[in-house]
There are 2 protein chains.
Amino acid sequence: MKIILDCFGGDNCPNSAIDGALLALEENKELEITLCGDESVIGAYLADKTYDKSRINILHASEVVTNEDLPTLAVRRKKQSSMMLGLQTLASGDYDGLVSSGNTGALLIGATIFVKLIDGVQRATLSPLLPTMVDGKATILVDGGANVDCKASMLKEFAIMGSAFMSSTGGEESPKVALLNNGAEEEKGNALTKEAYALLKDSNLNFVGNIEAREMFKGEVDVIVADGFAGNMSMKAAEGMGKTIFAMLKKYIMEGGLRAKLGYLLLKPSLKKIKALMSSDTVGGGVFLGIKKVVVKAHGASNDTAFKNAIVRAKEMVDADVCAKIANALGSDKQELNEVPAEE
Amino acid sequence: MKIILDCFGGDNCPNSAIDGALLALEENKELEITLCGDESVIGAYLADKTYDKSRINILHASEVVTNEDLPTLAVRRKKQSSMMLGLQTLASGDYDGLVSSGNTGALLIGATIFVKLIDGVQRATLSPLLPTMVDGKATILVDGGANVDCKASMLKEFAIMGSAFMSSTGGEESPKVALLNNGAEEEKGNALTKEAYALLKDSNLNFVGNIEAREMFKGEVDVIVADGFAGNMSMKAAEGMGKTIFAMLKKYIMEGGLRAKLGYLLLKPSLKKIKALMSSDTVGGGVFLGIKKVVVKAHGASNDTAFKNAIVRAKEMVDADVCAKIANALGSDKQELNEVPAEE
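Just so we're clear, the structure is a prediction, and the values are computed from it rather than from any experiment. (Residues numbered from 1 in each chain as written. Chains lettered and ligands numbered in written order. Predicted model: local features only at pLDDT ≥ 70, side-chain atom pairs only at ≥ 80, totals over all residues. Heavy atoms only, no water.)

(A) Examining the relation of the copies chain A and chain B more closely. With an axial shift of 0.0 Å and an RMSD of 0.0 Å, the rotation relating chain A to chain B amounts to 180 degrees. The superposition of one copy onto the other is thereby described by a two-fold rotation axis. Of the interface residues in chain A, 100% have counterparts in chain B that sit at the interface too, so the contact is made through matching surfaces. (Least-squares fit on C-alpha atoms with pLDDT ≥ 70 in both. Contact = heavy atoms within 4.5 Å.)

(B) Spotlight on the pattern of salt bridges. Scanning the entire structure with this criterion turns up 30 salt bridges over all chains. Between Asp135(B) and Lys251(A) there is a salt bridge whose closest N-O contact spans 3.3 Å. On the criterion of chain membership, the pair formed by Asp135(B) in the loop between strand 6 (129–131) and strand 7 (138–142) and Lys251(A) in helix 8 (residues 228–255) is interchain, its members lying in two chains. Residue class for Asp135(B) comes out exposed when judged on its relative accessible area of 60%. For Lys251(A), a relative accessible area of 27% corresponds to the partly exposed category. Asp19(B) is the salt-bridge partner of Lys49(B), the closest N and O atoms lying 3.2 Å from each other. Of this pair, Lys49(B) sits in the loop between helix 2 (39–46) and strand 3 (56–60) while Asp19(B) is found in helix 1 (residues 15–27), placing the two residues 30 residues apart along the sequence. Here the residues in one salt-bridge network are Glu212(A), Arg214(A), Lys236(B), Glu239(B) and Lys243(B), joined through shared partners. (Salt bridge = Lys/Arg side-chain N within 4 Å of Asp/Glu carboxyl O. Helix = DSSP H or I, 4+ residues; strand = E, 2+ residues; numbered from the N terminus. Buried < 20%, exposed > 50% of the residue type's maximum accessible area, 1.4 Å probe, protein only.)

(C) How the structure looks around the interface of chain A and chain B. Counting residues at the interface gives 55 residues for chain A and 55 residues for chain B. Carbon and sulfur atoms supply 72% of the area that chain A and chain B bury against each other, a total of about 5000 Å² over both sides. In terms of surface lost to chain B, no three residues of chain A exceed Arg214(A), Phe229(A) and Met241(A), which account for 13% of the buried area on that side. When the shortest N-O distance is used, the salt bridge between Glu239(B) and Arg214(A) registers 2.7 Å. (Buried area = accessible area lost by both parts, 1.4 Å probe.)

(D) View of the pairing of strand 7 (residues 138–142) of chain A. Residue and element names in this part refer to chain A. Extensive coverage of strand 7 is indicated by the burial of four of its five residues. Bridge analysis of strand 6 (residues 129–131) against strand 7 gives three bridges, and the strand direction is antiparallel. Paired with Leu-130 across the bridge in strand 7 is Thr-139. Counting the residues between successive antiparallel strands, the hairpin from strand 6 to strand 7 contains six residues, one of them, Gly-136, with a positive phi of roughly 75 degrees. Of the pairings in the sheet, the one linking strand 7 to strand 10 (residues 223–225) comprises three bridges and is parallel in character. Bridge pairing links Val-142 to Val-225 in strand 10. (Pairing = 2+ DSSP bridges.)

(E) Region of the structure containing the sheet that holds strand 5 (residues 125–127) of chain B. Residues and elements named next belong to chain B. In spatial order, the strands read 3-2-1-4-12-11-5; together these seven strands make up an open sheet with mixed pairing. In the strand order of this sheet, the two ends are held by strand 3 and strand 5, each with one partner. Going from strand to strand, the sheet's axes swing by 25 degrees on average, the running direction of each strand aside. Summarising the sheet, strand 5 and strand 11 (residues 286–289) pair through three bridges and their orientation is antiparallel. When the bridges of strand 11 are listed, Ser-127 appears paired with Val-287. Where helix 1 meets the sheet, it contacts strand 1 (2–6), strand 2 (32–37) and strand 3, and its direction lies at approximately 175 degrees from that of strand 2. Lying over the sheet, helix 5 (residues 104–115) contacts strand 4 (97–100), strand 5, strand 11 and strand 12 (294–297), oriented at roughly 175 degrees with respect to strand 12. (Axes fitted to C-alpha atoms, helices over the stretch in contact; angles between N-to-C directions.)

(F) Fine view of the sheet that holds strand 10 of chain A. All names here are of chain A. Pairing in this open sheet of five strands is mixed, and the strands run 6-7-10-8-9 from one edge to the other. Whereas interior strands pair on both sides, the edge strands pair on one side only; in this sheet they are strand 6 and strand 9 (206–211). Looking at each pair of strands side by side, their axes are set apart by 30 degrees on average, direction ignored.

Written out as structure tokens, the structure is:
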């Protein structure tokens with residue numbers, strides 16, 4: 001299996017990206033990784049590392065897409081950047097997936113333009129896998145911010161793609177799909193969610209109804225459907241609250257004297273576990289659904305472990321043949337729709 | 001000052017409501033409170049309490065609006081309920097404000113119909129005062145869930161009302177107003193927020209630009225403007241994350257043996273402070289802006305302290321003459337708009 005890693009554009013690039021690649025290689029013997037970016041910089045960093053040289057390649061790219069670049073311009077004017085060259089190489093060649101921690105918007109537009117949308121897909125989603133209170137269980141959010149203005153038919157498509165992702169990678173044969181809404185009852189919602197509710201209710205998905213944002217992390221559903229604006233608000237507000245709680249705790253510990261400091265030392269392992277779970281991969285990371293090949297967005301602040309995890313996620317998606325499963329699911333949905341009038 | 005307290009409809013009603021009223025009376029000598037609800041139940045609970053009888057009245061109401069009641073039906077069919085009778089009494093009589101912990105939608109519609117909107121207001125908001133990391137500082141969210149489908153002109157109106165609220169009660173002469181959005185940069189947003197951004201930028205408000213949901217609790221701005229759907233998502237997602245963190249902490253402490261348990265005991269005061277600040281008044285409570293008289297929604301699970309706080313908030317709003325300030329602010333905005341063409 002061949003994964004391309006965009007080694008530039010994130011906060012800790014290229015070092016953490018390269019270290020993450022080496023960690024992933026150690027864990028997965030069938031992986032081959034192509035490091036994309038300035039070959040002299042990558043080569044110099046690799047010089048004193050020990051690794052299986054037969055499974056690492058370098059694809060030289062002279063430019064870097066930065067977070068300040070406008071996505072539409074980056075796609076047109078930075079074709080030789082590690083991100084855009086990586087995406088073009090993924091599209092044209094014998095590669096299975098790509099991982100990048102760079103500019104999210106540019107990656108989405110680049111993937112859409114160079115790797116292309118699966119037939120029939122209106123728009124690709126950026127879908128984070130939300131951590132939950134249930135050990136080892138993640139919930140996918142479709143959409144987490146790629147599409148800020150949506151029609152109800154797009155929300156249904158997101159649901160189908162999220163469900164196909166979870167059934168192929170998560171082991172749930174019939175993933176529970178819920179609609180993010182401002183109340184649990186069927187009649188709740190704005191114009192968009194009311195229309196989407198009706199579409200989801202009539203679909204073949206395992207639609208379990210509305211979910212309120214306060215229930216997002218309970219791990220009771222597999223797929224949460226939202227327009228990218230609401231999805232983004234929810235995810236970032238949750239992140240903000242997490243950070244606020246830890247910041248306040250730090251403040252109180254500082255002010256709280258010896259007792260609080262000792263308490264903190266004793267509780268530190270538990271607090272660290274929570275902090276790691278609740279922050280690391282939630283925001284700024286996720287998978288793009290609706291693209292013809294696997295593209296994984298590692299969060300911008302990824303360290304080596306986060307890069308390794310993103311590469312492993314890409315590998316799992318390739319193993320599970322997620323893109324084909326999504327194409328099939330959308331195809332059967334369209335077919336079903338076409339059959340209805342014929343039967344009437 | 002005369003405040004009406006709807007003593008029924010919340011989780012801990014009527015006992016906590018009545019206890020909250022007695023606490024508020026003790027703290028504020030100029031307060032008179034009218035307890036609205038079943039007079040035999042209220043009378044029986046008051047029987048063995050010590051309080052200033054000259055400042056407590058009972059207004060008998062035979063019915064209760066429940067959380068299961070559809071708001072539009074509750075307004076039409078439960079006119080003799082503690083909530084609706086309270087609102088009608090507020091509108092007609094010599095009263096200054098009303099506090100209720102009951103059905104939020106019913107209270108909003110009841111207030112709009114019986115107490116009426118301030119002239120020129122399109123829709124009233126339900127605005128929670130969000131806790132922040134800055135001691136004693138709250139940020140008002142306009143709107144927190146009353147209006148799930150908004151036009152940009154409504155968002156501007158929400159901003160004017162929120163700003164008038166904060167300048168009259170918060171002491172900030174020129175409150176900082178920010179637009180909740182999916183990025184800090186001006187060009188970010190969905191169709192609604194892009195249009196609202198332009199309106200806010202051209203207004204006389206102290207508009208400081210976009211705010212991301214992750215920054216909501218930093219206390220850097222005074223007013224956060226959002227449509228009720230996005231506002232509701234953000235608030236509830238934050239609540240969910242807070243609950244998740246505390247639930248996980250509890251779990252890890254249980255699993256963590258003596259060390260973690262001891263750590264918890266030592267840190268308990270700090271953790272309790274954070275929990276109280278981050279949960280109590282945030283969700284399910286707030287003030288209605290745009291109504292002709294002061295109406296405060298205490299959250300459904302209010303205990304006696306929460307009821308006391310809601311009554312004190314209503315008193316502060318009356319003292320600050322918030323409703324008149326909002327009417328003035330909207331009036332000058334309209335006048336300014338009308339003057340523009342004349343000047344050109």
